[in-house]
Amino acid sequence: MGRIWGDENRFRTWLAVEVAATDTLAEAGLVPKSAAKSIRERADFQLDRIQEIEAEVRHDVIAFTTAVAEVVGPDARWFHYGLTSNDVVDTAQALLIGQASNIIDSDLERLSEVLERRAWEFKNTPMVGRTHGIHAEPITFGFKLANWYSEVQRDIARFRMAAEDMRVGKFSGAVGTLAHLSPELEEKICARLGLKAAAISSQVIQRDRHAHYMATLAVIACTLDKIATEMRHLQRTEVREAEEYFSEKQKGSSAMPHKRNPITCEQISGLARVVRSNAQAAFENVALWHERDISHSSVERIIIPDSTTLVDYLLQKTTNLIDTMFIYPERMRANLESTGGLVFSGQLLLDLVEHGLSREDAYRLVQGHSMRAWKQGLNFRQLVLKDKKISKRVPRAQVERAFDLKRQLRNIDKIFLRVFGRKQTKSNPEGRRARVAAKAGG
């Protein structure tokens, strides 16, 4: 990403746009073919020379064309022929964003692969599901990972759509009316660069495209923040069901030797805020004065390189987080069972209703035992089994079945089939718990 957004690559991309335009105009007979050949073969620049000229003229495109003209010689009068600055700048920016998008697309695919592998690994590892931070009903850790995987698939689809929407160039001139070139030539130059021509533009490509792209990066950052936030909760001392990797030589605190802090997760959550704030700046860039001003330009020189670089970094961080995290299945089971069966209250409610109680009476009965167990630290399951109001209505075997974990999780396989589109294969084995436990040993 650093190379893509560096000045050298930016100007090299401008040069590629200029050469493509000159070659296309030469084919159309608007530029001498000898001049186009000379430009194609000789056009070059020195970065420090561009910077030297820009310091004087205070216009980066003029500094660029002047520096190239000094190298090309007399034929340079045909360089930049028929173009305005943003024909080059906006079209080149589309190419640069395309380069950056290829990296992000690969990052998303790698995260997707790791999430899928680990989802299958922990498909049948039970844990408590929480709503509002409070124990709710049983889930599996693989189910949680599969949910993240599914969201990343949507991120991939959204990102590819946004990246494709950015794959446009323009050579429509100072106000977009193609006063000096034709629509056909614009399309040919863009095609030469692997781009589509914007159907209509002013002096600039319209910034709703850029806002959409930046917003999509922000949504990706939100997904990564979501994953990191959940991992931070699971790593809390009171929970300790999962933990980001902590090496033997790593230290968590200068004052407290016992600390194992979720610093990677906190970095992900923190930097995601920067990406989201950059999206707001992109929204502000949509409204420009008339056919163009440059209030967007200075902003984009910061937010586009920064956001693509940050999302690249955050995706790699999150992929490594998921790939190397410590998982504690025994702790998950202990937390699941810590409330003495309270997490099965919903199923018991339904079973009582099925055996003739009104929903209101059944709810009142189950909630009474639930609150007593909650406040007094009693075992909810035992309280229910001793209640004659329940035993008279529901056979003991049926009451006990309400606390059957496998019954609660009986549709996990079907959910996985719906998410991944196939059943478990040998290439996605489960049952690596022994290796995970050994890895997490300390």
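Residues numbered from 1 in each chain as written. Predicted model: local features only at pLDDT ≥ 70, side-chain atom pairs only at ≥ 80, totals over all residues. Heavy atoms only, no water.

A short note on the packing of helix α10 (residues 263–284) against helix α11 (residues 295–324)
Turning to step 1, where the next piece is worked out: Running from amino to carboxyl end, α10 crosses α11 at an angle of 150°, the nearest separation of the two axes being 9 Å. The angle between the axes of α10 and α11 places the two elements in the roughly antiparallel class. For the crossing formed where α10 meets α11, the hand is left-handed. Where α10 approaches α11, its residues T264, C265, Q267, I268, L271, A272, V274, V275, N278, A281 and A282 are matched on the opposing element by V299, I303, D306, S307, L310, V311, Y313, L314, K317, T318 and L321.
Turning to step 2, where the next piece is worked out: Of the residues contributing to the contact of α10 with α11, the split by class is 15 nonpolar, 5 polar and 2 charged. (Axes fitted to C-alpha atoms, helices over the stretch in contact; angles between N-to-C directions. Helix = DSSP H or I, 4+ residues; strand = E, 2+ residues; numbered from the N terminus. Parallel < 35°, antiparallel > 145°, perpendicular 65-115°, else oblique. Left-handed = near helix turned anticlockwise from the far one by under 90°. Contact = heavy atoms within 4.5 Å. Nonpolar A, V, L, I, M, F, W, Y, C, P; charged D, E, K, R; others polar.)

Looking at the pairing of strand β2 (residues 134–140)
Turning to step 1, where the next piece is worked out: As defined by bridge partners, strand β1 (residues 126–131) adjoins β2 across 5 bridges and the pair is classed as antiparallel. Bridging across to β2, R130 finds its partner in H135. (Pairing = 2+ DSSP bridges.)

Remarks on the packing of aromatic side chains
Turning to step 1, where the next piece is worked out: Scanning all chains against the criterion turns up 15 aromatic pairs.
Turning to step 2, where the next piece is worked out: A ring pair is formed by F159 and Y213, whose centres lie 5.8 Å apart and whose planes are at 45°; its orientation type is tilted. Linking F159 in helix α7 (residues 141–165) with Y213 in helix α9 (residues 208–235), this pair joins segments that are 54 residues apart in sequence.
Turning to step 3, where the next piece is worked out: Relative to F403, the ring of F380 has its centre 6.0 Å away and its plane inclined at 55°; by these criteria the two rings are tilted. With a gap of 23 residues between them, F380 in helix α15 (residues 380–386) and F403 in the loop between α17 (396–401) and α18 (405–408) connect regions that are remote in the sequence.
Turning to step 4, where the next piece is worked out: Residue F403 is classed as buried on the basis of its relative accessible area of 9%.
Turning to step 5, where the next piece is worked out: Each member of the aromatic cluster is reached from another via a ring pair, and the members are F11, W14, F45, F64 and F79.
Turning to step 6, where the next piece is worked out: Directly above the aromatic system of F45 lies the positively charged group of R12, at a separation of 4.0 Å from the ring centroid.
Turning to step 7, where the next piece is worked out: For the cation-ring pair, R381 lies above F403, with the distance from its terminal atom to the ring centre recorded as 5.8 Å. (Phe/Tyr/Trp six-rings, centres within 6.5 Å; stacked < 30°, edge-to-face > 60°. Buried < 20%, exposed > 50% of the residue type's maximum accessible area, 1.4 Å probe, protein only. Lys NZ or Arg CZ within 6 Å of the ring centre and 35° of its normal.)

What about the side chain of T13?
Turning to step 1, where the next piece is worked out: Within the fold, T13 resides in helix α2 (residues 7–27).
Turning to step 2, where the next piece is worked out: Since its relative accessible area comes to 6%, T13 is described here as buried.
Turning to step 3, where the next piece is worked out: Of note is the side chain of T13, whose polar atom sits 2.7 Å from the backbone oxygen of N9. (Polar contact = N/O pair within 3.5 Å; in protein donor to acceptor, adjacent residues only side chain to side chain.)

Some thoughts on the nonpolar core
Turning to step 1, where the next piece is worked out: Core analysis: the largest hydrophobic core is formed by 84 residues, its most contacted members being I104, F141, L145, Y213 and L352.
Turning to step 2, where the next piece is worked out: Per-element accounting of this core gives the leading share, 11 residues, to α9.
Turning to step 3, where the next piece is worked out: Leaving out residues up to four positions away in the same chain, F141 has contacts with F122, T125, M127, L234, M325, I327 and M332.
Turning to step 4, where the next piece is worked out: Judged by nonpolar contacts, the second largest core, of 38 residues, contains A21, V68, L83 and L95. (Core = buried A, V, L, I, M, F, W, Y, C linked by side-chain atoms within 4.5 Å.)

Side note on the pattern of salt bridges
Turning to step 1, where the next piece is worked out: Counted under the stated rule, the structure contains 33 salt bridges.
Turning to step 2, where the next piece is worked out: In this structure, D105 and R160 form a salt bridge, with 2.7 Å as the shortest nitrogen-oxygen distance. Taken together, the residues span a long stretch of sequence, with D105 in helix α6 (residues 85–121) and R160 in helix α7 at a distance of 55 residues.
Turning to step 3, where the next piece is worked out: According to the relative accessible area criterion, R160 is partly exposed, its value standing at 39%.
Turning to step 4, where the next piece is worked out: Here D323 and R117 are joined by a salt bridge, their closest N and O atoms 2.3 Å apart. One end of the pair, D323, is in helix α11; the other, R117, is in helix α6, with 206 residues separating them in the sequence.
Turning to step 5, where the next piece is worked out: Its relative accessible area of 26% is what places R117 among the partly exposed residues. (Salt bridge = Lys/Arg side-chain N within 4 Å of Asp/Glu carboxyl O.)

Focus: unusual backbone geometry
Turning to step 1, where the next piece is worked out: Phi is positive for R240, which is not a glycine, with a value near 45°.
Turning to step 2, where the next piece is worked out: With respect to the helices and strands, the residue R240 is situated in the loop between α9 and β5 (242–243).
Turning to step 3, where the next piece is worked out: Assessed through its relative accessible area of 33%, R240 is described here as partly exposed.
Turning to step 4, where the next piece is worked out: The phi torsion at H290 lies on the positive side, around 50°, for a residue other than glycine.

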